[in-house]
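An overview of the molecular structure
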4 protein chains.
Amino acid sequence: MGEMGETGAQGSRGTLGVAVIGTGRMGADHVRRINDVISGARVAAVADIDAGRAERLAHGIKGATAYTEPAAAMDDPGVDAVLIASPGPAHEAALLDAFARDLPVLCEKPLTPDAASALRVLEAEQKLGHRRVQVGFMRRYDAGYRTLKSLLDKGAYGRPLMLHNKHRNADTPPGFTNAMMINDSVVHEIDVTRWLLDEEITAVRVLRPAPTDNAPEGLSDPQLILFETTGGQVVDTELFVNCRFGYQVSCEAVCEAGTARIGDDHGVYVNTAGHWGGTITPGFVERFEDAYDRQVQHWVDATRRGEVEGPSCWDGYAAAAVCEAGVLAQATGDRVVVELIERPDLYR
Amino acid sequence: MGEMGETGAQGSRGTLGVAVIGTGRMGADHVRRINDVISGARVAAVADIDAGRAERLAHGIKGATAYTEPAAAMDDPGVDAVLIASPGPAHEAALLDAFARDLPVLCEKPLTPDAASALRVLEAEQKLGHRRVQVGFMRRYDAGYRTLKSLLDKGAYGRPLMLHNKHRNADTPPGFTNAMMINDSVVHEIDVTRWLLDEEITAVRVLRPAPTDNAPEGLSDPQLILFETTGGQVVDTELFVNCRFGYQVSCEAVCEAGTARIGDDHGVYVNTAGHWGGTITPGFVERFEDAYDRQVQHWVDATRRGEVEGPSCWDGYAAAAVCEAGVLAQATGDRVVVELIERPDLYR
Amino acid sequence: MGEMGETGAQGSRGTLGVAVIGTGRMGADHVRRINDVISGARVAAVADIDAGRAERLAHGIKGATAYTEPAAAMDDPGVDAVLIASPGPAHEAALLDAFARDLPVLCEKPLTPDAASALRVLEAEQKLGHRRVQVGFMRRYDAGYRTLKSLLDKGAYGRPLMLHNKHRNADTPPGFTNAMMINDSVVHEIDVTRWLLDEEITAVRVLRPAPTDNAPEGLSDPQLILFETTGGQVVDTELFVNCRFGYQVSCEAVCEAGTARIGDDHGVYVNTAGHWGGTITPGFVERFEDAYDRQVQHWVDATRRGEVEGPSCWDGYAAAAVCEAGVLAQATGDRVVVELIERPDLYR
Amino acid sequence: MGEMGETGAQGSRGTLGVAVIGTGRMGADHVRRINDVISGARVAAVADIDAGRAERLAHGIKGATAYTEPAAAMDDPGVDAVLIASPGPAHEAALLDAFARDLPVLCEKPLTPDAASALRVLEAEQKLGHRRVQVGFMRRYDAGYRTLKSLLDKGAYGRPLMLHNKHRNADTPPGFTNAMMINDSVVHEIDVTRWLLDEEITAVRVLRPAPTDNAPEGLSDPQLILFETTGGQVVDTELFVNCRFGYQVSCEAVCEAGTARIGDDHGVYVNTAGHWGGTITPGFVERFEDAYDRQVQHWVDATRRGEVEGPSCWDGYAAAAVCEAGVLAQATGDRVVVELIERPDLYR
């Protein structure tokens, strides 16, 4: 592992140098994310079998080097951790390379494409004697799923008995197969089922309705997938990947004394104790936390570009003038006219 | 201005060194935000009249120095920009200090506490010849308001004719006055009105219903505030700061051919062309973008602490095993039992 | 008053013979309603200045006679009560005619077109010494408004402080004027304000935004109407009668400890005690009461026409067969095939 | 069949004389419904094995006679039609009695308790040569289900592929069994499935999660019931009869180009073409039709009791006075005070 704490000036712990393995759509997006969105990390190396693509990506990033071999990228002196975003069949080798260097790994899902290879990875990590891998099941980080998980964990509505999942895509890319409907789509419901319920899945059934005419020839779309769990729960998932109308992922947990649903364009929607509905945010911090974060990020981004954006001194002045009129109107009960100077050129 | 591009290793442009002026609730929160949440910036200096508070805050941040004078903090060699979060009456002096050094500023609202002082700041910035200040009207960065703004800007439902705002707080801190209801609360509706409609406010009325028994003696709560604009629009705001049930901010724009409302625990809610409702996210990127960001941030944070969290290799293996059973169940129509090895100790 | 109890065979009290005064849109609709929808009444007489229109309407109804004079209709021996649905300026005379005969009256709104004539009616009814008139403010019979009223009456969320009303029409008929926006549209909000709050309105303001291009020349549309009440409440009403998107009437009561809104395509929507949402029906009676009523009404209507509709014996048989398969499937855990005979011709 | 057209004075076709067989909860409720709610029918006879119960019920209804034998009730000279609300095992005999007299029948569900007896009824009706029976699957008359049916029938969103049903009860009466969960509860989903899709059900599966602790010993609650149809559709039903939180029945149809859901405390909720939401009522007739019906029914009921209720002349006068003030306020832009006379005693 590289020496963290020397490379960066940010924070008390030093910036994490990351090697991003794979520079396709997901890999390039993670590079952008590390660069522009999150705090405490930087891209130290990128690796892709396509040398040109790796170099183009590394070119725009100060301190990032391009490699064609994952192992070489991991050996870059600035690298503290590895993010694997290459195609699934390449994951096993990259994971073993990272284990050989004892580097922390964020591995895009799937861990590997089948259970046998996943088992080999599992055994290799056990030989290290400690966990090194986080698998990229990102739904566990979605605000809705997290709230649902916390409700289930604290038993807000009693034991969970069933889950109803819906997983809908507007359409599928060319070459999408029935097996991919399980391996690439339902795999997310597999993970959230195991995570939300804290149980293993013990059996699977798949029902296949007469397919939509909008599905490519041979694709059985939609499907209804049924899980049973070690806890005796039953989980159904509607998978409909050519639904035309958009992307929609929802999950309803049916518990002994209530149900909670996420994903329908509003916060957690609960039925319990004679009422349907949800929770009102307690204060402005919860309501506008994202706005505060975005505000400061936009200001930092604009400033680094040498630009000034957002509400100006004119906006501050106009607000002050309206406030003064408002306080007078409040005291008198009258209609109070707001007086403003002419808007200076600088603020047009 | 400090030399950007030399201080940090992150990104192509260098990390922005920020002096945070004021270390009360808002200032301390901005320090945390710059440190732990956003990318591209670091806290280089903090200033507070309370030296001990400034030092305690600076202590935990590598490379940050504590000052008691705003001007001294701005002179810190690592400082590229200034974030003013001191009390409103201190803003004018701090802004002039920043102008003297030609530093970019993010100034918490209000710009200054009254129109006369705001006008002086306006004139000082004009003498610089370029904009340096962004005022902290953070609602402009709220996802809901931004979507509403973009709908209005593209005329999705024709010209806006009215706005209905609701601004509700569970309760007020001790000492909250009628004037503060305008200056601290309604000021946000003043700004979003001006910004959403791109018009100035020309007149104000305030109606004061018989107050709730839950308001402190002397506080006229709720109130109905009415604005008229240069565009002839009428804007009403219910301000109810002891509503007991929580914090709720919503805004409905009434346009010639439809209305759009934000803030009611769901996405933008539209009435138009015979339908009520909203927009379905087109794809997984929009739906789960925040989850991807949070996933990588959590991984980076845990890794920097030397920890491993999140979905493990066991989760990757179990998902692979269920996928294999699922593909078989799909092909056969049968109930397929999932076979897993016993869970190794490392993953318990 | 006619002798009730002799005319009809329905119920223990006899069917109420109604004289319908005015056979325009509203009058004809009330005739249909008395005939086909409600129980316990029949149309005994209709009156219209247009003799042909009255006769055409009476022709299809057994026992109904047509008149041109309201007084003559009221003198019909089968008449027990009067429903006035003529134009507003004709109401005063018809009401006095009914008072002269001491007949119960349902009078479409407005009672009369102005306060002075309403006062004369008020005085005439007082001379009778008992109430005879019900005014047709039908919103008091809307399920949503009734629930809201009962919540306010029992103080579910404390004292009401404000009402926010919205009253939107897709468009206006030719000749619609600003005065009609008050007299024909806002009059409903005037009544629900007085009824819901149980207070009188003490003052009115009207704000007129720059109008929509979709309004006819000269119509100030939309408007914001403000009421103050004897209870100190403030009530605002958005009236927008050329909103294009449809008809929408909603009302939100803001109380000391919560708000309740009706009219947005769902049941009563409440904010209180940290939650938004509404009430779940306690049982199937509440949920399906209307369905039961409609079922029996449809059966009676079809039977009187000599027809048979609705679910058939085939539907009853098929349900029984699926139930048998279901009970077996439940006991065995197996997929059980449903066996049906071929569908007989009678049920195709 | 009795001579319709002679018995009643209401409407052009005569009032339908109904024999109600069975005077338990459902039967008594139907008697009330025919008496007080719907138009065009009257209760001519009631029959119950419990003679006292039948007589008590008939006692309050003019023209109704009590019987202990269904056949005797059907022979009452005032009877034109039969409503069977006796326990299921008694249905077959009563149906055959009605067939013998060629009387129209509304038969509460189930038609009969099993497929074999239903088949005998089916054959008997075929011998009549025409349909005489409507089975009491009342969901077909629920406003939500009817809208959903009409959307499916016109192919608003393409072919239906799946249905998701939820059927939740707060709790179960003593003695409720697993078989009753199918025969008494799921039977409704069986009927709506067949009706909405216009297909027969070909196979059934039942999955039984680990039950809630709130279910009585031995009751497998909740259950997931799966249907396959002649059209290849797959239908799932969550049946949860001790859910504690209330009664909830919903149905979502998944079609090729959209989904439509009813039953969640709002109108039909649709996902299609990038939008979620529903339809706005086009005009006041649709929005307030029920209010108009209820208004006139209440007026008739009160008048028959010799009472006067609802909005009074005072309400009419006060509305007129506020309208006058409103029109003045509209014209002047001023706050206009409303002048009312003191409220007369008659209207207090």
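Predicted model, so just to flag it, every value in this text is computed and none were measured.

1. Considerations on the side chain of D:Ser39
- Checked against the element boundaries, D:Ser39 lands in the loop between helix 1 (25-36) and strand 2 (41-47).
- For D:Ser39, a relative accessible area of 1% corresponds to the buried category.
- At 2.7 Å, the side chain of D:Ser39 forms a polar contact with the backbone oxygen of C:Asp36.

2. Remarks on the relation of the copies chain A and chain B
- The transformation that overlays chain A on chain B combines an axial shift of 0.0 Å with a rotation of 180°, and the residual RMSD is 0.1 Å. Taken together, these values place the two copies in the relation of a two-fold axis. Among all residues of chain A, the one whose C-alpha sits closest to the rotation axis is A:His266, at a distance of 1.9 Å.

3. Here's the deal with the interface of chain A and chain B
- The interface of chain A with chain B comprises 151 residues on the first partner and 150 residues on the second.
- Taking both sides of the interface into account, the surface hidden between chain A and chain B amounts to around 13500 Å²; carbon and sulfur atoms contribute 62%.
- Across the chain A-chain B interface, the total number found is 12 salt bridges.
- The partner of A:Arg33 in a salt bridge is B:Asp293, with the nearest N and O atoms 2.6 Å apart.
- Counting across the chain A and chain B interface gives 46 residue pairs in polar contact (both at pLDDT 80 or more).
- If you tally residues by element for the side of chain A that touches chain B, the top one is helix 9 (residues 313-332) of chain A, at 18 residues.
- Of the residues assigned to the side of chain A that touches chain B, the class counts are 76 nonpolar, 40 polar and 35 charged.
- Note that strand 15 (residues 336-337) of chain A and strand 8 (residues 201-207) of chain B share 2 bridges and pair antiparallel.

4. Quick look at the domain arrangement of chain A
- Domain annotation for chain A reports domain 1 (16-136), domain 2 (140-277) and domain 3 (289-347).
- Just the C-alpha atoms count here: the centres of domain 2 of chain A and domain 3 of chain A sit 45 Å apart.

5. Focus: the relation of the copies chain D and chain C
- When chain D is fitted to chain C, the residual RMSD is 0.1 Å, and the transformation amounts to a turn of 180° plus an axial shift of 0.0 Å.
- Taken together, the interface assignments show that 99% of the residues at the interface of chain D recur at the interface of chain C, consistent with an identical surface on both copies.

6. Brief notes about the interface of chain D and chain C
- Contact residues are listed per partner, giving 150 residues for chain D and 150 residues for chain C.
- Both sides together, the interface formed by chain D and chain C hides about 13500 Å², and carbon and sulfur atoms give 62% of it.
- Among the residues chain D hides against chain C, the three largest losses belong to D:Trp299, D:Arg304 and D:Gln330. Together they make up 7% of the total.
- One can count 12 salt bridges joining chain D with chain C.
- For the interface between chain D and chain C, the tally reads 46 residue pairs in polar contact (both at pLDDT 80 or more).

7. Some points on the side chain of C:Arg42
Residues and elements named next belong to chain C.
- Relative to the helices and strands, arginine 42 is located in strand 2 (residues 41-47).
- No salt bridge forms around the buried arginine 42; measuring N to O, its nearest opposite-charge neighbour aspartate 80 is 4.5 Å away.
- In this structure the side chain of arginine 42 is engaged in a polar contact, spanning 3.2 Å, whose partner is the backbone oxygen of glycine 78.

Calculation notes
All residue numbers refer to positions counted from 1 along the written sequence of the respective chain. Ligands are numbered from 1 and chains lettered from A, in the order in which they are written. The predicted nature of this model means local features are confined to residues of pLDDT at least 70 and side-chain atom pairs, given and counted, to a pLDDT of 80 or more, with totals for whole chains, interfaces and linings taken over all residues. The basis for every side-chain value is the complete set of non-hydrogen atoms in the structure, without hydrogens or water. A run of H or I in DSSP becomes a helix once it reaches four residues, and a run of E becomes a strand once it reaches two; helices and strands are each numbered from the N terminus. A simple rule labels every residue: compare its accessible area, found with a 1.4 Å probe on the protein chains alone, to the largest value its type can have, and call it buried under 20%, exposed over 50%, or partly exposed in between. Counted as a polar contact is a pair of N or O atoms within 3.5 Å, where, for protein atoms, one must be capable of donating a hydrogen and the other of accepting one, and residues adjacent in sequence contribute only when both atoms are in side chains. When the copies are superposed, the least-squares fit draws on C-alpha atoms of residues that have pLDDT of at least 70 in both. Any two residues having at least one pair of non-hydrogen atoms within 4.5 Å are treated as being in contact. Two parts lose some accessible area (1.4 Å probe) when they are put together, and adding that loss for both gives the buried area. Only one rule defines a salt bridge in this text: a Lys or Arg side-chain nitrogen within 4 Å of an Asp or Glu carboxyl oxygen. Amino acids are sorted into nonpolar (Ala, Val, Leu, Ile, Met, Phe, Trp, Tyr, Cys and Pro), charged (Asp, Glu, Lys and Arg) and polar (every other residue, Gly among them). Pairing between two strands requires that DSSP report at least two bridges joining them. Domain boundaries shown here were taken from an automatic or database domain assignment. In this tally, Asp and Glu contribute negative charge and Lys and Arg positive charge; neither His nor the terminal groups of the chain are included.

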